Amino acid sequence: MHDKPLEILKHYWGYNSFRKPQQEIITEVLAGNNIVALLPTGGGKSICFQVPALVKEGVCIVVSPLIALMQDQVSNLTNKGIKATLIPSGSTHDEIITLFDNIRFGNTKFLYISPERLQSRFIQKKIKQLNVNLIAIDEAHCISEWGHDFRPSYQNITVLKELQPTIPIIALTATATQKVISDIISSLELENTTVFKKSFFRENLAYQIFKTEDKLGKLSKIFTKTKAPAIVYVNTRSKTKEISSYLNAQGFKNSLYHGGLSSIEKKLAFENWMSEKTPIIVATNAFGMGIDKPNVRVVVHLNLPSSIENYIQEAGRGGRDGIKSFSVVLTNNSDISLSSELLEKSLPTIEEIKIVHQKLYQHFQIVKGELIETAFDFNFLDFCSKYNFIPNKTFNTLQILNNNGIIELNHNFQQNSTIQFLVSSKQVILHANQNSQVKNFIQQVLRMYGGVFENPVKIDEFYIAKKLGTTSWFVIDTLEKLAQKELITYTKATNNAELFFLHPREDNKTINRIAVNIQQYIKQKKQKNRDLLRFIENNSVCRSVQLLSYFGEHHTNNCDICDVCLHKKKVPTVTLKEVFSLFRNEKSFTVTEICSLLNEKEANILILLRELLAEDKIHTKNNKYFLK
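Within each chain, residues carry numbers counting from 1 in the order of the written sequence. In keeping with the model being predicted, local features are shown solely for residues with a pLDDT of at least 70 and side-chain atom pairs are shown and tallied solely at 80 or more, while totals for entire chains, interfaces and linings include all residues. Excluded from the side-chain calculations are hydrogens and water; all other atoms, namely the structure's heavy atoms, are used.

**Things to note about the pattern of salt bridges**
Within this document, salt bridges are pairs made up of a side-chain nitrogen of Lys or Arg and a carboxyl oxygen of Asp or Glu, the two lying within 4 Å of each other. Taken as a whole and assessed by the stated rule, the structure comprises 19 salt bridges. Of the charged contacts, one joins K345 and E341 as a salt bridge, the two residues approaching to 3.7 Å between their closest N and O atoms. Residue K345 and its partner E341 are both found in helix α13 (residues 333-346); the two are separated by four residues, about one turn of the helix. Given the relative accessible area of 55%, K345 is considered exposed. Of the charged contacts in the structure, one is a salt bridge between K526 and E344, with a shortest N-O distance of 3.1 Å. Linking K526 in helix α22 (residues 515-537) with E344 in helix α13, this pair joins segments that are 182 residues apart in sequence. For K526, a relative accessible area of 27% gives the class partly exposed. A residue is classified by how much of its surface remains accessible, and E344, at 46% relative accessible area, is partly exposed. Look at the salt bridges and you will find they share partners, linking K368, R505 and D507 into a network. A run of H or I in DSSP becomes a helix once it reaches four residues, and a run of E becomes a strand once it reaches two; helices and strands are each numbered from the N terminus. Only protein chains enter the accessibility calculation, which uses a 1.4 Å probe; a residue whose area is less than 20% of its type maximum is buried, one above 50% is exposed, and one in between is partly exposed.

As structure tokens, this is what we get:
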């Protein structure tokens, strides 16, 4: 194995140099020091613990809050030829023993684990037996009550220090205020800690907030002007479909992405966007993980984000290549006044959480005192419909139960489709010979998957399509036709989540135990909303200065490219006199007509018209301006 960080970086990642401050962090980690690293989105956090872990003998334990995030990182490492694993949900005692034996004797370099899994005494015992070289805490802001995604189970991570007392810890996050950084250090009981903070300043990213009653019109103008990769963030799944349809009707090629899509649909949308077959992607905030597209020129928020932390992460996906890019928030007075009201409606009370929690057990017919440790196939919308629950509020309730270790909910449950041939291979060949396209298809499937005549076999429609150089829709259609002819059984993957109950059913008792955490969560959500609205409505201070100040970076210069800075720099090229002279012949004009006649921007003309109105020199009626 390579013994130098730069060689490892070149060999596995193909980069010739580290970004600032990756090299300094890696040097400190290799010296055995504890680190807190705050690297904004796109700052290359993972390399800071993955490279030193590859330098040293042994395994790196990575604590991560989301199963999907862990699956993504394990998959990325495996594709590079690096051995990495995670403990799958619902693993039996024997499966966990086998997994840890493979780690110990199979040169596994990374073990990804959720903070909830870490609470298992059995898993703790197994970790104690490992040769651990580094402990990495990903998304470390989850440890703080004032982090934007607080998870109480993160506060029990210190058990790793008891199991492996001499091993250095690196805590990483993309978004944390000074208060959160202090919380991370004290909660993890880190001594001799070096804090690395990369500035949130992005000189090439223009933050622009536009108030408009015609968001769709503004969106069209943006994409007429900018023919480059873009992300449009919206707040609901139905909105992704609505906006995607609108953009298609306007001739702007796009894909849509949300948490309810199947794994095939997600892969297809992502690939089409990455290859720029569809340069625009309309998405909920489920779209974010693993995005490393350098040339995103515009990130549009069509609805207000939930916090400044979320906003800066999503906006930060623009302009990773250092070329000028735009973060655009389209809003209006109605959005702003409704924001707190909508948040209030989406946050459950303790009583409402008790009801949803009880109905979950009822839904799966679990009696009091019973704990079933196997996974349940969970259809969220069916559950809401069955008990007449409001989806948004119910989703937040499930997140609270998940974050507090009451249930484990895996929305990115990669349940594969399965096929099995029902007839003999002779009959299959006979059918295939009648149609050359089907023949090629069947031959490819038989080459890729063994045992399809004996048992149902898991398949990946997207992968088959890639091998055939066709679309996944063609693959699904062909499989469905073969199933109709009773040549195969084809069971399509569901979009359902995977649900585990982590405690025996105790109903109210369970929720009473976490009531203080719930109250803190609700209080924090409201504060984050107030902070965001203050930022949106502050039109007198540079956007970049406001954001940097929120994260504890003071004494910074104006960016000169945000909407606030540009407004201050704008000097109308026409004078009051020129505008007033238009009305000499007692004509009336709309703003658009005045702009056209004087070849001046609307914003500047409106400033001059306001002055003339204030001086009582002109009148306005029915959107027209005329002499007094």
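**Considerations on the packing of aromatic side chains**
The criterion for an aromatic pair is that two Phe, Tyr or Trp rings (for Trp, the six-membered ring) have centres within 6.5 Å, with stacked assigned to planes under 30 degrees apart, edge-to-face to planes over 60 apart and tilted to the rest. One pass over the full model with this rule turns up 23 aromatic pairs. A connected cluster of aromatic rings, assembled from ring pairs, spans Y361, F364, F376, F378, F383, Y387, F389 and F501. Our definition puts a charge over a ring when NZ of Lys or CZ of Arg is within 6 Å of the ring centre and also within 35 degrees of the ring normal. Sitting over the face of the ring of F210, K218 holds its NZ or CZ atom 4.3 Å from the ring centroid. In this structure, R543 is placed above the aromatic ring of F535, and the distance from its NZ or CZ to the ring centre is 5.5 Å.

**Some thoughts on the pairing of strand β15 (residues 407-410)**
Residues I407 and L409 line one face of β15 and the alternating positions E408 and N410 line the opposite face, and both faces are buried. As paired elements, β15 and strand β19 (residues 497-501) share four bridges and run antiparallel to each other. What sits directly across from I407, in β19, is F501. Only strands that DSSP links by at least two bridges are regarded as paired with each other.

**Description of the side chain of Q208**
Examined against the element boundaries, Q208 turns out to sit in strand β8 (residues 205-211). Polar contact is defined as a pair of N or O atoms within 3.5 Å, subject to the rule that within protein one atom must be able to donate a hydrogen and the other to accept it, and that residues adjacent in sequence are counted only when both atoms are side-chain atoms. In this structure the side chain of Q208 is engaged in a polar contact, spanning 3.4 Å, whose partner is the backbone oxygen of I561. Any two residues having at least one pair of non-hydrogen atoms within 4.5 Å are treated as being in contact. Setting aside residues up to four positions removed in sequence, Q208 forms contacts with F326, S327, V328, V329, I561, D563 and L566.

**Structural notes on the sheet that holds strand β9 (residues 230-233)**
Read from one edge of the open sheet, six strands run β8-β13-β12-β9-β11-β10, paired in parallel fashion. The strands lining the two open edges of the sheet, one partner per strand, are β8 and β10 (254-257). Between one strand axis and the next, the sheet turns through 15 degrees on average, direction left out of account. For strand β12 (residues 298-301) and strand β13 (residues 325-331), the ladder comprises four bridges, and the chain directions are parallel. In the strand pairing of β13, V299 is matched with S327. Angles here are taken between N-to-C directions and fall from 0 to 180 degrees, while the axes themselves are lines fitted to C-alpha atoms, restricted in helices to the stretch in contact.

**A few points about the domain arrangement of the protein**
Note that domain bounds follow an automatic or database assignment of domains. Looking at the assigned domains, one finds that the protein contains domain 1 (2-197), domain 2 (205-331), domain 3 (342-414 + 497-527), domain 4 (418-491) and domain 5 (571-627). Averaged C-alpha coordinates put domain 2 and domain 5 at centres separated by 36 Å.

**Focus: the sheet that holds strand β7 (residues 193-197)**
In spatial order, the strands read β3-β4-β2-β5-β6-β1-β7; together these seven strands make up an open sheet with parallel pairing. Lying at the two open borders of the sheet, with one neighbouring strand each, are β3 (84-86) and β7. With direction set aside, neighbouring strand axes in the sheet form an average angle of 20 degrees. Pairing analysis gives three bridges linking β3 to strand β4 (residues 110-113), with the strands arranged parallel.

**Let's talk about a positive patch on the surface**
Here, patches come from residues exposed beyond 30% relative accessible area and free of salt bridges, joined within 9 Å for like charges and within 5 Å for nonpolar side chains (Val, Leu, Ile, Met, Phe, Trp, Tyr). Here the accessible surface of atoms and residues is derived via Shrake-Rupley with a 1.4 Å probe, and residues count as covered only by protein chains that are part of the display. Under this rule, positive means Lys or Arg and negative means Asp or Glu; His and the chain ends count for nothing. Every charge is mapped to an atom, namely NZ of Lys, CZ of Arg, CG of Asp or CD of Glu. Side chains of K225, K324, K569 and K601 sit close together on the surface and give a patch of like positive charge. For K225, the location among the structural elements is in helix α9 (residues 215-225). Judged by relative accessible area, K225 falls into the exposed class, the value being 77%.

**As for the environment of T193**
Relative to the helices and strands, T193 resides in strand β7. Separated by 23 residues in sequence, T193 and I170 place their C-alpha atoms 9.3 Å apart. From its side chain, T193 meets the backbone oxygen of L190 in a polar contact 3.4 Å long.

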